[in-house]
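# Observations on the three-dimensional arrangement
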Amino acid sequence: MGATYGIYLGMAAAACLFAALAERAREKTYTLCRVTLAGQEHACRVSAASFWLVFAAIPLILVSGLRWGIGVDAQNYFWMFTNIHYNLANHAEVGFYLLCQLVWYFTEDMSILFLLCAGITVAFVMLAIRQSSRNMLMSVFLYMGMGYFFYSLNSMRHFMAIAIFLYAYKHIRAGQFWRYAGWILLAASFQKVALVALPLYFILRIRWKCYWYAIAGGLLVLAAVLHRPLLDFAYRHGFGFYQAIEAETSGWSAVNILITLGLSVLAFLYRKQLLERDPGNIILINAAWCGFLYFTTSGWIPEYTRIGQYLTVLALFLAPELIACEAGSELGHRRLRLLYTIGVYTAFTAYMLLIIWNAQAPTIGWAPYQSVFQRTEYYKDLVPFWPLA
């Protein structure tokens, strides 16, 4: 496990280092080259923050994209990959189907699919952080510390969709429904659960009154009481795959309840400051409260964290906004800001260490880490892309 901790923590440290450089250079630009055309000199410039976020993305893409034989979903993805090529039964959405066909066009090695999916996921996450985060370092750290990077090692399609949703968040803030809907439909082409994000556009933009949350909680409790016909309806209309795993994947997530509870309390305490800083922060406040209500009432839904993560992932933006509310130079503000910052980094570093340790469990399988360069053989009759060890 020592090597596994070294790989994952080294990746996290490198990503955070480059994200810190991106945050420090947020307002700067770099001149990459100068070109003279028609007697006029033109400078090729790039945002310094974007430049460093590219480097922050690289270790995440390499660790995720070059893995092999880890994660409980690895074998399932192999069968999906081969079934798509040979036109056998599969449950892949059209976007993922086309992505697999693209890989088959160039190679028979499924490891390239892992690399491509990792690149898509991390690229959209970094683009979202660049465009929407008040503190890029904290957002990059939370992407790993809250477990989203590690969860993506199993649920590739789901986290590609989550990453696209995170990028589309800017269109919720801007009130651009059709652009938002276009990105969500793209996300749903990889994992159809992403369709739950369409009504979030309207739900999260409303300035909820306090008692509205109570009403919403009551409706969710009612849905829990009447959940059997609701599930049967969902199984009949496109989500039949989840019926087979209902018994083993239903249940409550204590971690998500605690995280959303903490975010909801802070969002309540700082509601006025958040909205004074930016009225668009109502989206993040609602995401925290709706996430808490959802995770405390909806454990009857198979794989219910997949839906809830469309709310909790916005903590990547909410946490920096909450800390920014203590932006004053007075001693009290400085102390609270420092306390919150230390709390975030300490708590989620500990959580990340726990995630890596628990990854040894057979139901997770992210540890010990193994790269594609360590494999000694590939599937029979399929030509490997990488040289075998």
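Now for a look at the structure at hand.

So, on to helix α1 (residues 2-24). An ideal rise of 1.5 Å per residue puts 33 Å on 23 residues; α1 measures up with 32 Å between its terminal C-alpha atoms. For α1, every residue scored as buried is listed here: T4, Y5, Y8, M11, A12, A15, C16, A19 and A22.

All right, on to the state of the cysteines then. By definition, a disulfide links the sulfur atoms of two cysteines through a covalent bond. Inspection of the entire model under this criterion finds zero disulfides. For the unlinked cysteine C117, the closest cysteine sulfur is that of C100, found at 7.1 Å.

Look at helix α5 (residues 111-132) against helix α8 (residues 156-174): their axes get within 8 Å of each other, and the N-to-C directions meet at 20°. One element, α5, and the other, α8, form an angle in the roughly parallel class. Crossing geometry of α5 relative to α8 is assigned as left-handed. Seen from α5, the contacting residues are F114, C117, I120, T121, F124, V125, L127, A128, Q131 and S132; seen from α8, they are M156, F159, M160, A163, I164, L166, Y167, Y169 and K170. Of the residues that constitute the contact of α5 with α8, the class distribution is 15 nonpolar, three polar and one charged.

We now examine the environment of T4. The topology assignment puts T4 in helix α1. The exposure class assigned to T4 is buried, which follows from its relative accessible area of 3%. The spacing of T4 and Y369 is 365 residues in sequence and 5.3 Å in space, taken between C-alpha atoms. Within the structure, the side chain of T4 is placed 2.9 Å from the backbone nitrogen of Y369, a separation counted as a polar contact.

Glancing now at unusual backbone geometry. With an omega of 0°, the peptide bond between A367 and P368 qualifies as cis. Its location among the elements puts P368 in the segment after α19 (331-358). A positive phi angle is found at D381, which is not glycine, with a value near 75°. With respect to the helices and strands, the residue D381 is situated in the segment after α19. Residue D381 is classed as exposed on the basis of its relative accessible area of 68%.

Thresholds, definitions, all that
Position numbers for residues start from 1 in each chain and track the written sequence from start to end. Local features in this predicted model are restricted to residues whose pLDDT is 70 or higher, and side-chain atom pairs enter the listing and the counts only when it is 80 or higher, whereas totals over whole chains, interfaces and linings include all residues. Hydrogen atoms and water are omitted, and side-chain values are computed over all heavy atoms in the structure. By definition, any uninterrupted DSSP run of H or I lasting at least four residues is a helix, any uninterrupted run of E lasting at least two residues is a strand, and each is numbered from the N terminus. Multiplying 1.5 Å by the residue count of a helix minus one yields the expected span of that helix. Relative accessibility under 20% of the residue-type maximum defines a buried residue, over 50% an exposed one, and the middle range a partly exposed one, all with a 1.4 Å probe and only protein chains included. For the purposes of this analysis, a disulfide is any pair of cysteine sulfur atoms at a distance within 2.5 Å. Axis lines are fitted through C-alpha atoms, for helices just across the contact stretch, and the angle between N-to-C directions can take any value from 0 to 180 degrees. Throughout, the term roughly parallel applies to angles under 35 degrees, roughly antiparallel to angles over 145, roughly perpendicular to angles from 65 to 115, and oblique to all others. By convention, the crossing between two helices is left-handed when the near helix turns anticlockwise from the far helix through less than a right angle, and right-handed when the turn is clockwise. In this description, contact between two residues means that some pair of their heavy atoms is separated by no more than 4.5 Å. Side-chain classes are defined by residue name, with Ala, Val, Leu, Ile, Met, Phe, Trp, Tyr, Cys and Pro counting as nonpolar, Asp, Glu, Lys and Arg as charged, and the others, Gly among them, as polar. The definition of a polar contact used here is a pair of N or O atoms within 3.5 Å, where within protein one atom must be able to donate a hydrogen and the other to accept one, and adjacent residues in sequence count solely through side-chain atom pairs.

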